[in-house]
Amino acid sequence: MKKLWIIVAFLTIGTLVFSQKTTTKATTPKAKVLVYYFHGAQRCPTCLSIEANTKKTLETYFKKEVADKTIVFSVVDVDEAKNEKLAAKYEASGSALHVVQVVKGKEKDEDLTNFAFSYSRNEPEKFIKGLKDKISKKLAN
């Protein structure tokens, strides 16, 4: 009788274990966007506006993504020795703005320096909208 209960118990446990539906959801790594604002020791009003308007864009439209590190914003002084390799990687010898999409460890860099110098100081709304659109596209892909 005892053996019968043991067999029934094992069968019940086995049935429960194997009848469980196992679903493993393949998770796609979140796209990560790196925003680099490079600058030198001397900064003009336009350079300062690029940094300020980039921060404003991120704080206004991407606060959650910055908080959870889906977007990482870095202000990089190209004149500091510790930043030499990073500046060289993005060919930044002075003020520059780069938005980099990172998917599965691969980077897709977009140099927005000319765009930033064209609009940040004199047409900040256009700069903010354009930067927002660029970042949104990179997050969506």
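The coordinates are above.
Starting afresh in each chain, residues are numbered from 1 along the sequence in its written order. Residue-level local features of this predicted model are given only where pLDDT is at least 70; pairs of side-chain atoms are given and counted only at 80 or more, and the full residue set underlies all totals for whole chains, interfaces and linings. As a rule here, side-chain values cover all heavy atoms of the structure and leave hydrogens and water aside.

### Remarks on the packing of helix H2 (residues 45-61) against helix H6 (residues 124-140)
For clarity, the cut-off: The convention used is that axes are lines fitted to C-alpha atoms, helices contributing only their stretch in contact, and that angles between N-to-C directions extend from 0 to 180 degrees. Helix and strand assignments follow DSSP, with helices taken as H or I runs no shorter than four residues and strands as E runs no shorter than two, numbered in order from the N terminus. Reported orientations rely on four angle classes, namely roughly parallel under 35 degrees, roughly antiparallel over 145, roughly perpendicular from 65 to 115, and oblique for the rest. Each helix crossing is assigned a hand: it is left-handed if the near helix lies turned anticlockwise from the far helix by less than a right angle, otherwise right-handed if that turn is clockwise. The contact definition used throughout considers only heavy atoms, calling two residues in contact when any of these lie within 4.5 Å. Three classes are used: nonpolar for Ala, Val, Leu, Ile, Met, Phe, Trp, Tyr, Cys and Pro, charged for Asp, Glu, Lys and Arg, and polar for all others, with Gly counted as polar.
H6 packs onto H2 with a crossing angle of 55° between their chain directions and a minimal axis gap of 10 Å. On the basis of their axis angle, the class for H2 and H6 is oblique. As H2 runs across H6, the sense of the crossing is right-handed. Here Ile50, Asn53, Thr54, Lys56, Thr57, Leu58 and Tyr61 of H2 lie close against H6, whose contacting residues are Pro124, Phe127, Ile128, Leu131, Lys132 and Ile135. For the contact of H2 with H6, the per-class residue count stands at 8 nonpolar, 3 polar and 2 charged.

### Quick word on unusual backbone geometry
Where we set the bar: Classification of residues uses two cut-offs on accessible area relative to the type maximum, computed with a 1.4 Å probe and protein chains only: under 20% is buried, over 50% is exposed, and between them is partly exposed.
The backbone of Glu91 sits at a positive phi, close to 50°, despite the residue not being glycine. You can see Glu91 is positioned in the loop between helix H4 (84-89) and strand E3 (96-103). Under the relative-accessibility criterion, Glu91 is labelled exposed at 74%.

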